[in-house]
Amino acid sequence: MKKSTLNLSFLNKTVYLLIMTFVFHFGYSQNVNTSLASDINQKFSLLEKNRIPNHILLDYGFDLIDVTQFDGALRNDNYLDLERYNLIYNSIVSSATQLNVSGIKSPQQELEKWKTLQKEQSKKGNLNNKASVTLSGLLFNYSKINENALYANKISVVNDKYDDKYINGIWQNPYDNKTAFAVVSPVFAFNKSNIEVKLPTELWHSNVNISAIAINFGDGAGYKNLTNNTVASTNYTTTGVYTWTYRVRLTNGQYKYCRQKIKVTQIDSNSNLQALNSSCSMQYKSITASKDYQGIFGSATLQIAYGSNNCTMQKPLIVVEGLDTGIMGQGGSIGDSDIGRFFQYVDQSASTDLQNLITNNTTIDYDIVYVNWDNGTDYIQRNAYVLEDVIKWVNERKAEAGSTEPNVVLGQSMGGLVARYALKDMENDTDLDHDTSLYISHDAPHQGAHIPLGILHMGRHVVNEFIQTPLGNVSIPINGTGSYGLATIDDLLDAPAVNQMLINNVDTNGNRTNATHLAWQSELQNMGYPQQTRNISLSNASHCGNGQGLASNEELVTVTGKGGTSVLTSIIESLFINIDPVVGIALDDVSAALLGFLPGNSELDIEFRANAFPASGTARIYKGRLTYEKKFLWLIPITRTIFNTSKHSQNGDKFIDNYPGGITPNGLAISESGDDNNWFYNYDYNINVNLSFDFIPVTSALDVGSGNATLDNTDYFRQYTSANPPTGDRAIPFVNFTTSSNQNNNLNAEHISFNRRNGDWLAEELDADANIDLFDCTFTCSDVNLFIPDDIVCSTTAYFFDDDINISNINITQGSNLVSLFGVNSNTLTISPNSLFGGGGLLAFNFTIGNNKCGSQTFYKTIWVGKPKNDLSLISSGGFTISLGNFYQITAMHDNNSNYTQANLSYEWEIPYAMIMFSNNNRSANIRPTRLGTYPYKVRARNLCGCSQWATQHFEVLSAPGPGDYYISPANQFGN
C-alpha cells in the first residue's frame with residue numbers, strides 16, 4: 001500500500017516571527033453554520049434533557065477530538081498541548097444541554113482572558129529573568145449514551161430520533177458518566193531554565209469539587225501545589241524534553257492525571273547572552289518614547305552587550321529588530337527574537353571578520369545595543385519614535401564615557417524601515433543630532449513584503465468559520481488555536497505593521513486589500529532616506545538572480561483527508577515560527593503529534609489548497625472545503641458541508657512568489673514516499689507543503705527605483721552588483737549594497753541571515769577603513785562557456801580571467817593523454833594539445849576559480865582536442881556488392897558513434913561513377929552506380945583543426961538492370 005512520509009527540510013532559524021493561528025477575534029464578521037445544530041436538535045427533540053446527568057451530553061455536541069481519551073488516566077496516546085486542550089474544551093462547551101452549566105463559558109472570551117493574563121505573567125517573568133506561565137485547566141463530569149442502551153431497553157429510537165424509555169412507569173437511564181481532565185501550559189518551548197507556573201481560579205473550568213491540584217515538573221522534586229493561585233516553580237539544570245504531569249485530588253480522595261511535554265532549550269548558566277567583554281554583565285534598559293504617535297507612546301527594552309574594557313558606551317552598534325509578536329516571549333525571552341538570536345546568526349555566518357566585530361571579544365569589537373520592541377507589530381512610525389529616544393540615550397552614555405565615536409544603526413527586516421524613518425525624522429528636527437555615520441538596511445521591505453495570497457486567504461477564511469452549538473447560545477470555531485502560544489491570525493493580519501508592509505493582504509471578509517500598505521509607501525517615499533549617514537543595504541536574494549524554483553500556479557499547501565483542521569493551524573504557524581511545524585515532532589514524539597487531528601464520534605472531510613500566482617493569466621489560488629459528518633448510535637448520520645469556497649488571482653498579478661528574494665524563515669517540504677512510519681498518511685491525511693517562496697523581493701530590499709519606476713521581470717531577475725548598479729529610473733538609493741552569495745550555492749538565502757561572503761562585506765563596511773568593497777561575485781553565477789567559449793581546441797590556447805580571480809585547481813577526468821593544462825595559482829588557464837597521431841579526442845576537466853572575497857566555484861567543461869579521430873568505416877544498405885542503376889545509402893560510421901562527441905564535423909567523399917545526393921551533414925551519401933566494375937569509395941571527417949585519414953571501402957558494381965542510357969559521373973565526387 002502506498003504510504004507517505006513527513007520530510008521536514010528546515011532552513012536556519014530566523015528572528016522574524018509571526019504566529020498565524022485560527023481562533024476568534026472580537027469585532028470581525030463570522031460565518032456561523034446553524035443548520036447542523038438544527039439537525040442535531042431534531043435527533044434529540046424527544047429526549048427529556050433535564051434528566052441528562054451533569055447537563056453535558058457528548059453525543060449532543062461537536063466532539064472535535066476524542067474527549068474520552070482524556071479521562072484522567074495516563075496513557076501514551078493522550079498527551080496534551082495547547083491545541084488539544086482547546087479542542088477538548090470546545091467539545092465540552094458544545095455538548096451542554098442547558099444554560100449556565102458550571103464551568104462552561106464562551107471559548108472566545110476565555111481565550112482572550114488567557115491571552116491577557118499570560119501577557120502580564122510574561123512581562124513579570126522577564127523582569128525577574130524567569131519564564132512565567134499562566135496555565136488553564138478543566139475538569140468536567142459529563143454524560144455519554146451507553147453503546148448498549150438500545151439493546152438493553154434503556155432508550156428508544158423513533159423516526160430517527162432518540163426518546164426516553166420507561167418500563168412500568170420507571171425512567172431507564174441510558175447514560176454513562178464520564179470525566180475529562182486537562183491542564184496545559186500555552187508554551188512548550190522555554191529558553192529559560194527558571195520557570196514558574198500558576199493556574200488562576202478564573203481559568204479553572206469545572207463542574208466538580210476538588211481538594212487540591214498539583215504539578216510535577218519532571219525534575220525529580222515531586223509534585224508542587226497549584227491550588228488557589230499558588231505559584232509553583234522549577235529550575236532545570238540541563239536542556240531537553242521534560243514531562244509535566246498534573247494531578248487533581250477529588251473530594252473523595254481519588255486522583256486524576258494528565259500530562260504534556262515541554263522543551264527547555266537553554267540553561268541560564270550556559271547562556272551566551274552576556275557582554276562581549278566577559279567582565280561586563282548584560283545590561284537591560286527600558287526606553288519609552290518622548291514623542292507619541294496618534295496619542296500613544298511606544299516603548300522598547302534594550303539589551304546592551306559591552307565590548308569595551310571599562311564596560312561603558314564607546315563604540316555603539318544599534319541593532320533594530322524586525323516584526324516581533326512577543327508570543328515566544330512567553331517561553332522566557334524578551335520577545336520572538338533578542339540579542340542571543342542575533343549573535344547566533346552572526347556566529348553561523350562563518351565570517352570571522354564579522355564575528356570579530358560583533359560576537360568575539362576583540363580590540364575592534366562594538367558595543368551592541370539590541371532594541372526589543374514592547375509591541376513589535378505596532379505602527380512603524382510609533383516604534384521609530386522609540387528608536388529616536390534609544391539613539392538619544394546611547395549618545396548620552398557615549399558623552400558620559402568620553403567617546404566621540406559615531407553610531408552605526410543596523411535595521412533588520414522591519415527594523416530597517418524603523419531605522420530609516422527615525423534617522424530621517426531626527427534630521428528633519430534641527431534640535432536633534434543622531435550622531436550616526438552608517439545606516440545598514442538588512443533585507444528590509446522598502447517596497448513591501450510578500451506572503452502568497454492563497455495562504456492568506458486560507459487563514460482568513462478558516463478563522464471566520466463557526467458552528468452554532470445545538471443549545472444555540474455559543475458558536476464554536478471549526479479550527480484550533482495552534483500549539484505555540486496564545487495568538488490569533490486576525491491579531492496578526494490586522495496588526496498595523498503587517499498591513500503597512502504586506503504588498504497584498506486579505507481582510508476579515510476575505511477581500512484583497514493593500515490600502516494601508518499604499519498609504520505607508522507614500523509616506524515612506526516622501527520621508528526619503530537619512531542624508532547625514534552612509535546608507536548601505538544587504539538583500540538575502542540570490543546574487544545570481546535565481547528564482548525560488550516554483551512552477552506557475554504551483555500548490556504551496558495541500559491538505560486533504562478526514563480528520564480535524566488542526567493540521568492547517570500547525571502548517572500556517574510554521575510559516576514564520578522558528579520551531580518545527582508540529583509540536584509532537586519538535587518534542588521527538590511523532591505519534592503524539594497527530595492526536596489533535598483526530599476527532600471523536602465525527603468525521604471531518606477537508607480539502608485545502610493554497611497556490612502560487614500563475615506566471616500569466618488568472619488561476620485559482622485558494623480552495624477550502626469542509627464537510628462535517630456527525631455520527632450517532634443507531635441513527636442516520638448528519639452530513640453537512642460547512643463551507644466550500646475558492647479564490648482566484650486577478651489580471652495583472654505578477655508571479656512574485658517565484659521572484660528572487662529572502663525566503664521564508666521556515667521553508668519546509670512534506671511529500672509522499674514509501675516510509676511505513678508516516679503518521680499523516682496513516683490517519684488519512686494527504687499533505688504537501690512548499691513554503692520556499694519569495695518573502696522580501698530583491699527589488700524591495702534594494703529599493704530599486706525608489707518606488708518611482710514600473711518594474712518588470714528583467715528588474716526582478718537581474719544580477720544586482722554594486723560594481724555595476726542600475727541607473728536612471730531604476731537607480732538604487734544606497735551607496736553600497738550586496739545580495740546573497742554562498743560558495744557553490746547561489747540560491748536565495750533565509751531572511752536576515754548572514755553568510756561568509758555578505759558577512760565579510762558587512763565587516764568591511766563596519767571597520768570604517770578606506771577600502772570599501774563593491775561586491776561583485778557574479779563570476780560564480782556564470783556558465784562555464786563564458787570563460788571557455790570554445791568547443792574545440794586545435795593548438796595551444798589561453799583563457800584569461802579577471803585579475804582578481806585565481807585558479808586554485810585543475811583536474812582532468814577524461815583524455816589526460818590529449819593535452820597538458822596549465823594555470824594553477826594564476827588567472828590564465830592554458831590548454832596545450834599533445835602530438836596526436838591517431839587523431840584527436842574528447843577532453844573532460846574541471847577547474848576551480850575564486851578569490852578571497854567571493855570564495856571559490858568549480859566549473860566543468862567538455863571540449864574536443866585536435867582533428868577528428870581516425871576511426872571511420874563505411875556501411876551500405878546493399879552491402880559491398882551492388883547493382884548498376886539501383887539506389888543505395890552509404891554512411892560514414894565512427895567507432896562507438898563517437899561522432900556525437902566530436903565538434904562541428906563535416907564529411908568529404910570520393911565516389912567514382914555514381915549519381916550522388918548527400919544528407920545528414922554529408923555523413924550519408926545516397927548513390928546510384930553508373931558503371932560496372934570495382935571501385936574504391938572513400939570518406940574522411942573534417943573539423944576546424946583539419947581532416948582525419950581517408951577511410952576506404954571497395955564496392956563491386958554488377959549487372960545492369962536493363963537497356964538504356966546512363967549518366968556517367970566524373971571519376972571523383974566530393975561532398976564537403
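Residues numbered from 1 in each chain as written. Predicted model: local features only at pLDDT ≥ 70, side-chain atom pairs only at ≥ 80, totals over all residues. Heavy atoms only, no water.

- The name given to the protein in an unreviewed UniProt entry is PGAP1-like protein, with the source organism recorded as Psychroflexus salarius.

**Focus: the overall build of the protein**
Now for step 1: Looking only at helices and strands, one finds 19 helices and 52 strands in the protein.
Now for step 2: Counting all 976 residues of the protein, 59% fall into the buried class.
Now for step 3: Long-range pairs, those at least 24 residues apart, make up 76% of the contacts in the protein between residues at least 6 apart in sequence.
Now for step 4: Accessible area of the protein: about 36400 Å², with a carbon and sulfur share of 44%. (Helix = DSSP H or I, 4+ residues; strand = E, 2+ residues; numbered from the N terminus. Buried < 20%, exposed > 50% of the residue type's maximum accessible area, 1.4 Å probe, protein only. Contact = heavy atoms within 4.5 Å. Areas by Shrake-Rupley, 256 points an atom, 1.4 Å probe, with all protein chains shown as cover.)

**Looking at the packing of aromatic side chains**
Centre distance and the angle of the planes are the two values used to describe a pair of aromatic rings.
Now for step 1: The full count for this structure, using the stated rule, is 32 aromatic pairs.
Now for step 2: Seen from their ring centres, phenylalanine 44 and tyrosine 60 are 5.2 Å apart, and the 80° between their planes marks the pair as edge-to-face. A residue pair is termed long-range when its members are at least 10 positions apart, and phenylalanine 44 in the loop between α1 (35-43) and α2 (82-94) and tyrosine 60 in the loop between α1 and α2 qualify at 16 residues.
Now for step 3: Clustering of aromatic rings is evident, with ring pairs tying together Phe44, Tyr60, Tyr151, Tyr162, Phe632 and Trp634. (Phe/Tyr/Trp six-rings, centres within 6.5 Å; stacked < 30°, edge-to-face > 60°.)

**Description of the environment of threonine 436**
Now for step 1: Relative to the elements of secondary structure, threonine 436 occurs in strand β22 (residues 436-442).
Now for step 2: Assessed through its relative accessible area of 4%, threonine 436 is described here as buried.
Now for step 3: If we skip the residues at most four places from it in the chain, threonine 436 touches Asn407, Val408, Val409, Leu423, Gln532 and Thr533.

**As for the pattern of salt bridges**
Now for step 1: Taken as a whole and assessed by the stated rule, the structure comprises 30 salt bridges.
Now for step 2: The salt bridge partner of lysine 115 is glutamate 112, with a shortest N-O separation of 3.4 Å. Remark: glutamate 112 and lysine 115 occur in helix α3 (residues 107-127); sequence separation between them is three residues, near one turn of the helix. With respect to burial, lysine 115 and glutamate 112 carry one shared label: buried.
Now for step 3: One continuous salt-bridge network, built from bridges that share partners, spans Glu555, Asp605, Glu607, Arg609, Arg620 and Arg625. (Salt bridge = Lys/Arg side-chain N within 4 Å of Asp/Glu carboxyl O.)

**Considerations on the sheet that holds strand β42 (residues 841-851)**
Now for step 1: Taken in spatial order, the four strands of this open sheet run β37-β43-β42-β39, and their pairing is mixed. Every other strand in the sheet has two partners, leaving β37 (792-793) and β39 (806-814) as the edge strands with one partner each. (Pairing = 2+ DSSP bridges.)

**Remarks on the sheet that holds strand β19 (residues 316-320)**
Now for step 1: Strand order in the open sheet made by the eight strands is β17-β18-β20-β19-β21-β22-β27-β36, with mixed pairing throughout. Each having just a single partner strand, β17 (283-288) and β36 (736-740) make up the two edges of the open sheet. Going from strand to strand, the sheet's axes swing by 20° on average, the running direction of each strand aside.
Now for step 2: Bridge analysis of strand β18 (residues 299-305) against strand β20 (residues 367-373) gives six bridges, and the strand direction is antiparallel. Across the sheet, the residue bridging to alanine 305 is isoleucine 368, located in β20.
Now for step 3: Helix α18 (residues 756-766) rests against β21 (407-412), β22, β27 (534-542) and β36 of the sheet, and its axis sits at about 175° to β27. (Axes fitted to C-alpha atoms, helices over the stretch in contact; angles between N-to-C directions.)

**Some details on the state of the cysteines**
Now for step 1: In this structure the tally under the stated criterion is four disulfides.
Now for step 2: Note that cysteine 544 is cross-linked by a disulfide to cysteine 781, the S-S spacing being 1.9 Å. A torsion of -85° about the S-S bond marks the disulfide between cysteine 544 and cysteine 781 as left-handed. Taken as a pair, cysteine 544 in the loop between β27 and β28 (555-562) and cysteine 781 in the loop between α18 and α19 (784-787) lie far apart in primary sequence, 237 residues in all.
Now for step 3: Residue classification places cysteine 544 among the buried residues on the basis of a relative accessible area of 8%. (Disulfide = S-S within 2.5 Å.)

**Examining the environment of valine 346**
Now for step 1: You can see valine 346 is positioned in helix α4 (residues 339-347).
Now for step 2: In this structure, the C-alpha to C-alpha distance between valine 346 and serine 753, residues 407 residues apart in sequence, is 8.1 Å.
Now for step 3: Aside from chain neighbours lying at most four places away, what touches valine 346 is Leu354, Gln355, Ile358, Thr359 and Phe754.

**Overview of the side chain of threonine 377**
Now for step 1: Topologically, threonine 377 is positioned in the loop between β20 and α6 (380-401).
Now for step 2: Not counting residues within four places of it along the chain, the set of residues in contact with threonine 377 comprises Leu323, Asp324, Thr325, Ala495, Pro496 and Ala497.

**As for the nonpolar core**
Now for step 1: Ranked by internal contacts, the top residues of the largest apolar core, which has 166 residues, are Val197, Trp244, Ile318 and Leu387.
Now for step 2: At nine residues, the largest contribution of residues to this core is made by α6.
Now for step 3: One finds Ile831, Leu843, Ile863 and Val865 within the second-largest nonpolar core, a separate group that totals 51 residues. (Core = buried A, V, L, I, M, F, W, Y, C linked by side-chain atoms within 4.5 Å.)

**Focus on the pairing of β42**
Now for step 1: The buried fraction of β42 amounts to eleven of the eleven residues, a majority that puts the element mostly inside the structure.
Now for step 2: Here eleven bridges tie β42 to strand β43 (residues 855-865), and the two strands are oriented antiparallel to one another. When the bridges of β43 are listed, asparagine 846 appears paired with tyrosine 860.
Now for step 3: Hairpin connection, β42 to β43: the antiparallel pair is bridged by three residues.

**A few points about α6**
Now for step 1: For α6, with 22 residues, the first-to-last C-alpha span of 31 Å sits near the 32 Å given by 1.5 Å per residue.
Now for step 2: When you tally the buried positions in α6, you get 17 out of 22 residues, the bulk of the element.
Now for step 3: Just beyond α6, the residue with positive phi is glycine 402, at close to 75°. (Expected span 1.5 Å × (residues − 1).)

**What about unusual backbone geometry?**
Now for step 1: Even without a glycine there, the phi angle at alanine 350 is positive, about 65°.
Now for step 2: Here alanine 350 shows up in the loop between α4 and α5 (352-358).

**Overview of the packing of helix α7 (residues 414-428) against helix α11 (residues 515-527)**
Now for step 1: Two elements in contact, α7 and α11, have axes separated by 10 Å at closest approach and are oriented at 45°. Comparing the axis directions of α7 and α11 gives the class oblique. In this structure, the crossing between α7 and α11 has a hand that is left-handed. Residues Leu417, Arg420, Tyr421, Lys424, Asp425 and Asn428 of α7 lie in contact with α11, whose contacting residues are Trp520, Glu523, Leu524, Gln525 and Met527. (Parallel < 35°, antiparallel > 145°, perpendicular 65-115°, else oblique. Left-handed = near helix turned anticlockwise from the far one by under 90°.)

**Re the pairing of strand β3 (residues 136-145)**
Now for step 1: For β3, a buried count of nine out of ten residues is recorded, marking the element as mostly surrounded by other parts of the structure.
Now for step 2: Bridging between β3 and strand β8 (residues 175-184) involves ten bridges; their strand directions are antiparallel. Note on β8: the bridge partner recorded for tyrosine 142 is lysine 178.
Now for step 3: Note that β3 and strand β11 (residues 204-206) share three bridges and pair parallel. Bridge pairing links leucine 139 to serine 206 in β11.

**Focus on the packing of α6 against α7**
Now for step 1: The N-to-C vectors of α6 and α7 enclose an angle of 65°; their axes lie 8 Å apart at closest approach. In this structure, the crossing between α6 and α7 has a hand that is right-handed. Touching Ile380, Gln381, Asn383, Ala384, Tyr385, Leu387, Glu388, Ile391 and Lys392 of α6 are Met414, Leu417, Val418, Ala419, Tyr421, Ala422, Leu423, Asp425 and Met426, all from α7.
Now for step 2: Split into classes, the residues belonging to the contact of α6 with α7 amount to 13 nonpolar, two polar and three charged. (Nonpolar A, V, L, I, M, F, W, Y, C, P; charged D, E, K, R; others polar.)

**Details of the environment of asparagine 535**
Now for step 1: Here asparagine 535 shows up in strand β27.
Now for step 2: Separated by 202 residues in the primary sequence, asparagine 535 and phenylalanine 737 place their C-alpha atoms 8.9 Å from one another.

**Some details on α7**
Now for step 1: Between its terminal C-alpha atoms α7 stretches 21 Å, which fits the 21 Å expected from 15 residues at 1.5 Å a residue.
Now for step 2: The buried count for α7 comes to 14 of 15 residues, which makes it a mostly enclosed element.

**Digging into the confidence of the model for the protein**
Now for step 1: Counting all residues, the mean pLDDT for the protein is 85, and 85% of those residues have values of 70 or more.
Now for step 2: Considering only residues more than four positions removed or in separate chains, one finds that residues 667-683, a stretch of pLDDT under 50, has 65 contacts.
Now for step 3: Across residues 962-976, confidence stays below pLDDT 50; counting only partners more than four residues off in sequence or on other chains, it has 36 contacts. (pLDDT = per-residue confidence, 0-100.)

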